[in-house]
Structure formats: structure tokens, C-alpha cells
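# Commentary on secondary and tertiary structure
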Amino acid sequence: MNNIVAIVGRPNVGKSTLFNRLIQRREAIVDSVSGVTRDRNYGKSEWNGKEFSVIDTGGYIRGSDDVFEGEIRKQVELAIDEADVIIFVVDVEEGITPMDETVAKLLRKVTKPVLLAVNKVDNAMREKDAVEFYNLGLGEYFTFASISGSGTGDLLDALIDSFPEKPEPVQEEVVLPRFAVVGRPNAGKSSFINALIGKERFMVTDIAGTTRDAIDTKFDRFGFEFNLVDTAGIRRKAKVKEDLEFYSVMRSVRAIEHADICILVIDATRGFEGQDQSIFWLAEKNRKGVVILVNKWDLVEKDTMSTRDYEEKIKKELMPFTDVPILFVSALTKQRLLKALEATVQVFENRKQRIPTSKFNEFMLKVIEAYPPPATKGKYVKIKYCMQLPTQTPQFVFFANMPQYVKEPYKRYLENKIRENWDFSGVPIDIYIREK
């Protein structure tokens, strides 16, 4: 489980610039994946070999000055609740404002580590000006300039040091697959889970999950056995009045990192909205299997083409990762719930399948021979060997004489060919081209 870091502060102090800097660092180190920049409020970062998740509470504040106070309060409270460490960003140019004091007052009550980061400090004069931030009563501060990046190293070192020690997870004898039910509020996640486990309570135990809001329900019925991680607001129903979008992303972040497969429940009457998409890309970015359930299908006016049209519409939004099972269900009438379970278990099987290297080469080398990578600057790329890596999620490596000339479209072609021949439905695939 990664640590979660929340960046809080009033509008316009440079939270998003700091956030982008952290995310870019990670993109430069690990890998750049196409199609993941759709949810800018959440990302992964890495420093000194430690990965952590970053949440930017900046982009959600709207309205005039008087609304700001209430909005900021809601967000900061939510972020504080979820995060392991909080970075409180202030602006040296403007000094301490009443709004900074409001946020600081909240943060002083918190038992978690809070790092006070003073932004826009790019010369010695401003270094002196930063001293006034001791008045916020949050102890030591860190000065940095998020645009140029100076000082972010010290801030990140302190951040890594302040992560809480996480206990090693105790291995159960049989590790059951974990399926997280995610989606925007009110899409029918709770009804879906209640329909599965029934009022009769068919479950064996309630294990409180390692995160405070994910309760693992052991599901053992119809010949299936797995843990269902519910993110359907088990705690604090009163809080659902909060900024709903922010709330559901925060909840889903925890659950998605925690699961093997994400069951994304969407509301058929509302369609596949921006919020659903950001949760989908979150799961894809974390390399989790995904099954999409279109719930409340009994409320939709239908004609013969209805499901096909609807499916096409969703797949258009998911480009290029369209190999995802989409099922139309109703938690209320229990229509096709069993099918949904079968599809989820199948995606779990797909995610852990291993292809023998000899078979993989036999098929893929013929495919490559029939359609080799395009020549660049008169140079021909030759791929002579490929294999599946022994990783938790499907990753394939192709060895070439000039890997730098193999571009994204050709990688996508290879991925499509793999998907045509083997069932990796619902599972993100990574393709690497290495020098032989």
C-alpha cells in the first residue's frame, strides 16, 4: 500500500505546479503511459526509491471569495482524513493571509505529519521574508520555488522521512482475490453489494480492511470465493453532502490501490461521465483489471440497438484501452448479477495468466515478420525474440536491435495482436522494447 500525500492550501499558491512537478518526476523515471493525463488531481510520484500517491486539492474550488472558505474547509478536512502526510503550501509574495490562518488552524489539530512549504522563494531576500510563516504555529518550514524546482529536493527528503512505518501485511494462508467496487456516488455500488451478499448475510466474516474505509466482505457463494472491498461510503453517511466528486475520487484512490480487480459501477441513466472516466483511468494507471457494470439498466428506455449503442459510446471514451468487459445489470432486480461475477473472476484469471515463451515467440515472430516495424531514417528494426516478464500484471518484452525507433503505434499493434490470440480482456498490458 502506498502512502498518500495531500497538497493543501488556499487557491493560487502554486499547489498544482508543485503537483505537476512531482508527477513529471515520476513520468521521467518510471514510464510515460499514453492516455493517463485525464485526471489531473491524482497521480503517483517517486523519490529515493519510495513510491507515493499525491492528491492535489487545488482544482476543485469554485465560486466567489465567500464560497472559498467553506469549500476549502471541506476539502482540507477530507484530504486530512485520507492522507498519511499533508503538505501545506503558502505563498511568500503575499505573506500570511486570513485564509492561510484558517487552514493552519485546522492543521494544528491534526496528529499526522504536516510539512509547511513556502512557495516562490527564489532569492535570498525572499528567504528572509519566509520567516514570518513561523507565526502559523506549524513549526519548521521548507522554502522552494515550484516553477524552477529549487528546494523541492529538501522538501521531498523530509516528506519521505515523515511517512509512517507501515506494518508488513500478514499473509493469509490462502490469499483471496480482492475485488473493489468503485464508482461515483449514487451509481448503485451499495445496492450491488447488498444484492450480492443479500439481506440474509451469506458472507463468512467481516474483516476490517487495512484502510479505514474499505471493509473486506468475504464472499463465498455460487462457487466463487473472494474479498469484496466496498468503497460505498460505509463510514460517515452524513458526509456525502460534501463536494461529491472530490469525495468519490478520494475514496476510490484507496480502494483501487488495494484491489486486484476494479468493478466500476456506472449509472445507466446518467451515462459514462467525466467522473467515471477519471476512476477508470485511475484503475488503468494502477495496472488493475477492470470490469464495467452499467447499473439501473431496468430504468432505461430500450430498443434493439440500445446495449450495442451504449457499449460503443463507452468504448469511444476508453480509447485506446477498449478491451474491457461491459455488462448491463440491475442491482434492484438482480438482473445479470451472476454474469457480472463470472466476468470479474474471468478478468482476475486473465490478469495472472502466463504464456509459455516458446508459444509466445512462435506466434509473435510470425506476426512481426508479416508486418515489421516501419523503417526510420533508412534503418530497419529487427525483433528476434520476445517473452512475458514474471510480473504480477501482464508485461511483455521484445528484444530489438534499435529499440528507440519502435514507436507507440507499433507497440499498440503488438498489444492488439496479443489480445487477439490470448484473452487479456479487462487487463492493461505493458509492452517494453529492449536492446538485445
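Residues numbered from 1 in each chain as written. Predicted model: local features only at pLDDT ≥ 70, side-chain atom pairs only at ≥ 80, totals over all residues. Heavy atoms only, no water.

## Some details on the overall build of the protein chain
Across its full length, the protein chain carries twelve helices and 16 strands. Burial status across the protein chain gives 54% buried among its 436 residues. Look at the contacts in the protein chain between residues 6 or more apart in sequence, and 72% of them connect residues 24 or more apart. When the accessible surface of the protein chain is split by element, carbon and sulfur atoms take 51% of a total near 20,600 Å². (Helix = DSSP H or I, 4+ residues; strand = E, 2+ residues; numbered from the N terminus. Buried < 20%, exposed > 50% of the residue type's maximum accessible area, 1.4 Å probe, protein only. Contact = heavy atoms within 4.5 Å. Areas by Shrake-Rupley, 256 points an atom, 1.4 Å probe, with all protein chains shown as cover.)

## Overview of the side chain of K288
Looking at the secondary structure, you find K288 in the loop between helix 8 (274–285) and strand 12 (289–295). A distance of 3.1 Å separates a polar side-chain atom of K288 from the backbone oxygen of A259. Beyond its immediate sequence surroundings of up to four residues, K288 is in contact with I256, E257, A259, D260, C262, A283, R351, G426 and P428. (Polar contact = N/O pair within 3.5 Å; in protein donor to acceptor, adjacent residues only side chain to side chain.)

## Focus: the packing of aromatic side chains
Each aromatic ring pair is characterised by the separation of its centres together with the angle its planes make. All chains considered together, the criterion is met by 17 aromatic pairs. Ring geometry for F179 and F348: centres 6.2 Å apart, planes at 65°, overall edge-to-face. Here F179 is found in strand 7 (residues 178–182), whereas its partner F348 is found in helix 10 (residues 337–352), with 169 residues between them in sequence. Considered together, F179 and F348 belong to a single accessibility category, that of buried residues. With 5.4 Å between their ring centres and 40° between their planes, Y410 and Y413 make a pair best called tilted. Here the residue Y410 and the residue Y413 both occupy positions in helix 12 (residues 408–421), the gap between them amounting to three residues, near one helical turn. Judged by relative accessible area, which is 4%, Y410 ranks as buried. Connected via pairs of aromatic rings, a cluster forms that spans F360, F363, F396, F398, W422 and F424. Looking at K313, its charged tip hangs above the ring of Y310, at a distance of 5.7 Å from the centre. (Phe/Tyr/Trp six-rings, centres within 6.5 Å; stacked < 30°, edge-to-face > 60°. Lys NZ or Arg CZ within 6 Å of the ring centre and 35° of its normal.)

## Regarding the nonpolar core
F88, L107, F280, I292, V294 and I314 are the most contacted members of the largest nonpolar core, which totals 51 residues. Counting contributing residues, this core receives three or more from each of domain 1 (3–162) and domain 2 (178–352). Ranked by size, the runner-up nonpolar core spans 27 residues in total, among them F179, I197, F224 and A331. (Core = buried A, V, L, I, M, F, W, Y, C linked by side-chain atoms within 4.5 Å. Domains from an automatic or database assignment.)

## Re the pattern of salt bridges
This model, assessed by the stated rule, comprises 13 salt bridges. A salt bridge links K120 to D91, with the nearest nitrogen and oxygen atoms 3.0 Å apart. Residue K120 is found in the loop between strand 5 (114–119) and helix 4 (124–129), and its partner D91 is found in strand 4 (residues 85–91); the two are separated by 29 residues along the sequence. For K120, a relative accessible area of 24% corresponds to the partly exposed category. The buried category is assigned to D91, whose relative accessible area is 0%. Residue E349 pairs with K352 through a salt bridge whose shortest N-O separation is 3.9 Å. Here the residue E349 and the residue K352 both occupy positions in helix 10, the gap between them amounting to three residues, near one helical turn. You can call K352 partly exposed: its relative accessible area is 44%. (Salt bridge = Lys/Arg side-chain N within 4 Å of Asp/Glu carboxyl O.)

## Brief notes about helix 11 (residues 357–370)
Under the 1.5 Å per step criterion, the end-to-end length of helix 11 is 20 Å for 14 residues, consistent within 8% with the ideal 20 Å. The set of residues buried in helix 11 consists of F360, N361, M364, V367 and I368. Relative to the axis of helix 11, the buried residues are bounded by an arc of 140° and lie together on one face. More than 90 degrees from the buried face of helix 11, the exposed residues found are S358, K359, E362, K366, E369 and A370. Elements in contact with the buried residues of helix 11: strand 14 (383–388), strand 15 (395–400) and helix 12. (Expected span 1.5 Å × (residues − 1). Arc of directions from axis to C-beta.)

## Considering the environment of I256
Tracing the backbone shows I256 in helix 7 (residues 244–258). Overall, I256 belongs to the buried group, its relative accessible area being 0%. Through-space distance from the C-alpha of I256 to that of V181 is 8.7 Å; in sequence the pair is 75 residues apart. Discounting residues that sit within four places of it in the chain, I256 has contacts with V182, C262, I279, L282, A283, N286 and K288.

## Digging into the pairing of strand 14
Direction of pairing for strand 14 relative to strand 15: antiparallel, over a ladder of five bridges. Along strand 15, the bridge assignment pairs Q388 with F396. The antiparallel pairing of strand 14 with strand 15 creates a hairpin that spans six residues between the two strands. (Pairing = 2+ DSSP bridges.)

## Remarks on the sheet that holds strand 14
Read from one edge to the other, the open sheet built from three strands follows the order 14-15-16, with strand pairing classed as mixed. Whereas interior strands pair on both sides, the edge strands pair on one side only; in this sheet they are strand 14 and strand 16 (430–435). Mean inter-strand twist for the sheet, computed between neighbouring axes without regard to direction, equals 20°. As paired elements, strand 15 and strand 16 share six bridges and run parallel to each other. In the sheet register, F398 faces strand 16, and the bridge partner there is I433. Helix-sheet contacts for helix 11 involve strand 14 and strand 15, and the interaxial angle to strand 14 is about 140°. Along the sheet, helix 12 makes contact with strand 14, strand 15 and strand 16, crossing strand 16 at roughly 120°. (Axes fitted to C-alpha atoms, helices over the stretch in contact; angles between N-to-C directions.)

## Let's talk about the packing of helix 11 against helix 12
In the contact formed by helix 11 and helix 12, the axes pass within 11 Å of each other and the chain directions differ by 135°. Regarding the angle of helix 11 to helix 12, the classification is oblique. In this structure, helix 11 crosses over helix 12, and the sense of that crossing is right-handed. Facing helix 11, whose interface residues are F360, F363, M364, V367 and I368, helix 12 presents Y410, Y413, L414, K417, I418 and N421. Looking at side-chain class alone, the contact of helix 11 with helix 12 contains nine nonpolar, one polar and one charged residues. (Parallel < 35°, antiparallel > 145°, perpendicular 65-115°, else oblique. Left-handed = near helix turned anticlockwise from the far one by under 90°. Nonpolar A, V, L, I, M, F, W, Y, C, P; charged D, E, K, R; others polar.)

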